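# Structural description and commentary
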Amino acid sequence: MVNRFVVLALSAIVSTVIFAPRLPTKSATFSSTSQPDDPVAPRHHARESQGGSNAMVLERDGSGQFRLTATIDNEDVSFLVDTGADLVALTEDTANRLGLLPPEDEFQPVMKTASGTGYGAPIMLETVEVGGERFRNVEAVVMKGLQTDLLGQSVLRRMGGVELQGDSMVIRPS
């Protein structure tokens, strides 16, 4: 059961990483906190929603994707927001920097992709902080060959509702 869950989660992650950059997008709209000269800089800001509660608003970057910076165990990590990923997925470099890189023998073949077998190792993140909210004991996976860190549903579902509004992704607290 757990292996099926991991395979499905990692399939979604790999598919997103492979195919999302190739999708056509509209031109990016930048928030007032953005840096237009860096097309992949994380862009997010909080703004008041109609219901009076704060919402996190992410603007598409130059590649048409949504990025943000989160804090894992007191270290900043830049993430691509992946609503189709079940788990947070870390690159080996990020996991190593955070002191979370599993031993080599914990990596298992978890999926088949067009480019070969995908290897991953499940981990648990003690704390993840996003937009001022702190989440404890977050399921994650370290993926061999992953090029960017992915913020998946193991955090997003805890944050609240996620919706797209044009070139903005709005995350409202539940």
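Here the residue numbering is sequential within each chain, running from 1 through the sequence in written order. The model is predicted, so local features are restricted to residues of pLDDT at least 70 and side-chain atom pairs to those at 80 or more, both for listing and for counting; the totals for chains, interfaces and linings are taken over all residues. Side-chain calculation: all heavy atoms of the structure are included, whereas hydrogens and water are not.

### Digging into the overall build of the protein
Secondary structure elements are defined from DSSP: runs of H or I of at least 4 residues count as helices, runs of E of at least 2 residues count as strands, and each element is numbered from the N terminus. Broken down by element type, the protein carries three helices and eleven strands. Along its sequence from the N terminus, the protein presents helices and strands in the succession α-β-β-β-β-β-α-β-β-β-β-α-β-β. A buried classification covers 42% of the 174 residues belonging to the protein. Total accessible area on the protein stands at roughly 9,200 Å², and carbon and sulfur atoms take up 49% of it. A simple rule labels every residue: compare its accessible area, found with a 1.4 Å probe on the protein chains alone, to the largest value its type can have, and call it buried under 20%, exposed over 50%, or partly exposed in between. Computed by Shrake-Rupley with a 1.4 Å probe, the accessible areas treat only the displayed protein chains as cover when residues are assessed.

### A closer look at the pairing of strand E6 (residues 108-113)
Note that E6 and strand E7 (residues 116-130) share five bridges and pair antiparallel. Bridge pairing in E7 places Gln-108 opposite Gly-120. Being paired, for any two strands, means DSSP has found at least two bridges between them. Counted along the chain from E6 to the antiparallel partner E7, the turn is two residues long.

### Things to note about the packing of aromatic side chains
Under the pairing criterion, centres of Phe, Tyr and Trp rings, with the six-membered ring standing for Trp, must be within 6.5 Å; the plane angle then separates stacked pairs below 30 degrees from edge-to-face pairs above 60, leaving the rest tilted. The full count for this structure, using the stated rule, is zero aromatic pairs. Over the face of the ring belonging to Phe-107 we find Lys-144, whose NZ or CZ atom lies 4.5 Å from the ring centre. Any Lys NZ or Arg CZ found within 6 Å of a ring centre and within 35 degrees of that ring's normal is scored as a charge over the ring.

### Some details on the pattern of salt bridges
Every case where a carboxyl oxygen of Asp or Glu lies within 4 Å of a side-chain nitrogen of Lys or Arg is listed as a salt bridge. Under the defined criterion, the tally for this structure stands at seven salt bridges. For the salt bridge of Glu-163 with Arg-172, the shortest nitrogen-to-oxygen distance reads 3.2 Å. Sharing partners across several salt bridges, the network here consists of Glu-92, Glu-104 and Lys-144.

### As for unusual backbone geometry
You will see that Asp-73, though not glycine, has its phi angle at about 45°, which is positive. Despite not being glycine, Asn-74 shows a phi value in the positive range, around 70°. Along the chain, Asn-74 turns up in the loop between strand E3 (67-72) and strand E4 (75-81).

### Observations regarding the nonpolar core
What we call a nonpolar core is a set of buried Ala, Val, Leu, Ile, Met, Phe, Trp, Tyr and Cys residues that are connected through their side-chain atoms within 4.5 Å. If you look at the biggest cluster of nonpolar residues, it comprises 29 residues, and the most contacted ones within it are Leu-68, Phe-79, Val-88, Leu-125 and Val-155. Breaking this core down by element, the ones donating at least two residues are strand E2 (54-59), E3, E4, strand E5 (88-91), E7, strand E8 (133-143), helix H3 (153-159) and strand E11 (168-172). No other element matches the five residues that E7 contributes to this core.

### So, the pairing of E11
The buried fraction of E11 amounts to four of the five residues, a majority that puts the element mostly inside the structure. The sheet contact formed by E2 and E11 spans four bridges and is antiparallel. Bridged to Glu-59 within E11 is Ser-168. Pairing geometry for strand E10 (residues 161-165) and E11, over five bridges, is antiparallel. In the strand pairing of E11, Glu-163 is matched with Val-170.

### Quick look at the confidence of the model for the protein
Within the protein, residue pLDDT values average 78, and 70% of them lie at 70 or more. The predictor rates its confidence in each residue with pLDDT, a number between 0 and 100. Mean pLDDT across the elements of the protein bottoms out in strand E1 (residues 44-48) (44) and peaks in helix H2 (residues 92-97) (98). When the criterion is pLDDT under 50, residues 1-10 qualifies, and its contacts beyond four places in sequence or with other chains add up to 13 contacts. In this description, contact between two residues means that some pair of their heavy atoms is separated by no more than 4.5 Å. In the model, residues 12-52 has pLDDT below 50 throughout and makes 80 contacts with residues more than four positions away in sequence or in other chains.

### Some words on the environment of Glu-92
Looking at the secondary structure, you find Glu-92 in helix H2. For Glu-92, a relative accessible area of 26% gives the class partly exposed. The contacts of Glu-92, once residues within four sequence positions are left out, are Leu-101, Phe-107, Val-142, Met-143, Lys-144 and Gly-145.

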